[in-house]
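# Secondary and tertiary structure notes
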Amino acid sequence: MFFTPERIALLLCLVGGYLFGLIQTGYFIANGKNVDIKHLGSGNTGATNVWRVMGAPWGLLTLVCDVAKTLLAILILSIACPVFAYKLPFYGYKFEFCN
């Protein structure tokens with residue numbers, strides 16, 4: 001059977017992790033201060049560009065929010081899918097999507 005409970009759980013964990021990655025904290029932080037970060041600096045919404053454009057406190061806040069977002073995703077993954085929590089970081093090495 002293709003849709004086993006383990007495969008469904010794995011798929012939900014992968015989709016959930018992807019959705020967490022879509023949250024652009026730098027964009028939301030800059031937008032809260034009426035700064036269009038996508039058109040300033042390098043155009044990236046990451047912590048480095050926020051740091052360069054808006055200053056160190058906002059860049060550090062973006063970095064902390066990005067790390068917290070990652071830790072929250074890992075925590076939810078380890079609670080929802082304890083079987084896959086230790087395997088998922090290695091899937092990128094096993095299945096290379098980009099060379």
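Our structure's up above, just so we're on the same page.
First, a word on what this report is: a plain description of the structure on this page. (Residues numbered from 1 in each chain as written. Predicted model: local features only at pLDDT ≥ 70, side-chain atom pairs only at ≥ 80, totals over all residues. Heavy atoms only, no water.)

## Notes on the pattern of salt bridges
- All told, the structure shown has one salt bridge when counted by the stated rule.
- Its salt-bridge partner being D66, residue K69 comes within 3.7 Å of it at the nearest N-O pair. Here the residue K69 and the residue D66 both occupy positions in helix α4 (residues 56–80), the gap between them amounting to three residues, near one helical turn.
- For D66, a relative accessible area of 23% gives the class partly exposed. (Salt bridge = Lys/Arg side-chain N within 4 Å of Asp/Glu carboxyl O. Helix = DSSP H or I, 4+ residues; strand = E, 2+ residues; numbered from the N terminus. Buried < 20%, exposed > 50% of the residue type's maximum accessible area, 1.4 Å probe, protein only.)

## Some thoughts on the packing of aromatic side chains
- Throughout the structure, instances matching the rule amount to one aromatic pair.
- Where Y27 meets F28, the ring centres are 5.7 Å apart and the plane angle is 70 degrees; that geometry is what we call edge-to-face.
- A relative accessible area of 52% places F28 in the exposed class.
- It is K38 that lies over the ring of Y27; its NZ or CZ is 5.0 Å from the centre. (Phe/Tyr/Trp six-rings, centres within 6.5 Å; stacked < 30°, edge-to-face > 60°. Lys NZ or Arg CZ within 6 Å of the ring centre and 35° of its normal.)

So yeah, pure geometry; function would need other evidence.
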